[in-house]
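Survey of secondary and tertiary structure
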Amino acid sequence: MDSETTHRQDFFTRFATRTSKVLGHPWVFSAAIAILVLWGLSGPFLGFSDTWQLVINTGTTIVTFLMVFIIQNTQNRDSAALHIKLDAVMRELQITNSRLYEAEEEGEKELERERHRLEHEADDADGS
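The notes below deal with the structure included here.

This part takes up a negative patch on the surface. On the surface, a cluster of negative charge is contributed by Glu 102, Glu 104, Glu 105 and Glu 106. Here Glu 102 lies in the loop between helix H4 (98-101) and helix H5 (108-127). On the basis of relative accessibility, which here comes to 47%, the residue Glu 102 falls in the partly exposed class.

Right, dumping it as structure tokens:
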């Protein structure tokens, strides 16, 4: 990877992190509600026109579209960091079950089976 690509990734990571932190605050939600209320109250003055409706539809679509990428980027990084931390804990506890280390690669059914197996092992250990 060249330094320009790394710089772009670092920029997007920083941008996504800052954006998700700012947009996760209650005041941003309150501001969004205020915008919707103002938009709704402006309806009678603008005759509930097609343009009036188009403004809110376009605005919400653009915000939603962009936020999907910000949220997904943040979730991917959080998930990767969590896996690293769990792997470190498992190594420290000397857990050698390779299926546990590679669990994120499994499908839904395999994960559910593994969860049930671990629950039964825990129940058996408690009952002993």
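Structure's up, so let's keep going.
Okay, unusual backbone geometry next. The phi torsion at Phe 48 lies on the positive side, around 45°, for a residue other than glycine. Structurally, Phe 48 can be placed in the loop between helix H2 (26-42) and helix H3 (50-92). With a relative accessible area of 46%, Phe 48 lands in the partly exposed category. If you check the backbone angles, Gln 94 has positive phi at about 60° while not being a glycine. If you trace the backbone, Gln 94 turns up in the loop between H3 and H4.

Think of a pair of aromatic rings as described by two things: how far the centres are apart, and how the planes are tilted against each other in angle. Under the defined criterion, the tally for this structure stands at 5 aromatic pairs. Both rings, one in Phe 48 and one in Trp 52, keep their centres 5.1 Å apart while their planes meet at 90°; by these two values the pair is edge-to-face. Using a relative accessible area of 11% as the deciding quantity, one classes Trp 52 as buried. Ring geometry for Phe 65 and Phe 69: centres 5.1 Å apart, planes at 80°, overall edge-to-face. Taken together, the residues span about one helical turn, with Phe 65 and Phe 69 both in helix H3 at a distance of 4 residues.

Reading the values: the criteria
Per chain, the residues get numbers from 1 upward, laid out in the order the sequence is written. Totals for whole chains, interfaces and linings use every residue, but because this is a predicted model, local features are given only for residues with pLDDT of at least 70 and side-chain atom pairs only at 80 or more, for both listing and counting. Excluding hydrogens and water, the side-chain values take into account all heavy atoms of the structure. Exposure above 30% relative accessible area and no salt bridge define the residues that can form patches, which grow by joining like charges within 9 Å and nonpolar side chains of Val, Leu, Ile, Met, Phe, Trp and Tyr within 5 Å. Under the convention used here, a 1.4 Å probe and the Shrake-Rupley method define accessible areas, while residue burial counts only the protein chains that appear. Between Lys or Arg on one side and Asp or Glu on the other, a salt bridge is scored when a side-chain nitrogen of the former is within 4 Å of a carboxyl oxygen of the latter. Neither His nor the chain ends is counted toward charge; the positive residues are Lys and Arg and the negative residues Asp and Glu. By convention, charge coordinates are those of NZ in Lys, CZ in Arg, CG in Asp, or CD in Glu. Labels follow the DSSP assignment, with helices taken as runs of H or I lasting at least four residues and strands as runs of E lasting at least two, numbered in each case from the N terminus. Type-normalised accessible area, obtained with a 1.4 Å probe on protein chains alone, sets the label of each residue: buried when under 20%, exposed when over 50%, and partly exposed for intermediate values. In this analysis, rings of Phe, Tyr and Trp, with Trp reduced to its six-membered ring, are considered paired at centre separations within 6.5 Å, and the interplanar angle assigns stacked below 30 degrees, edge-to-face beyond 60, and tilted for intermediate values.

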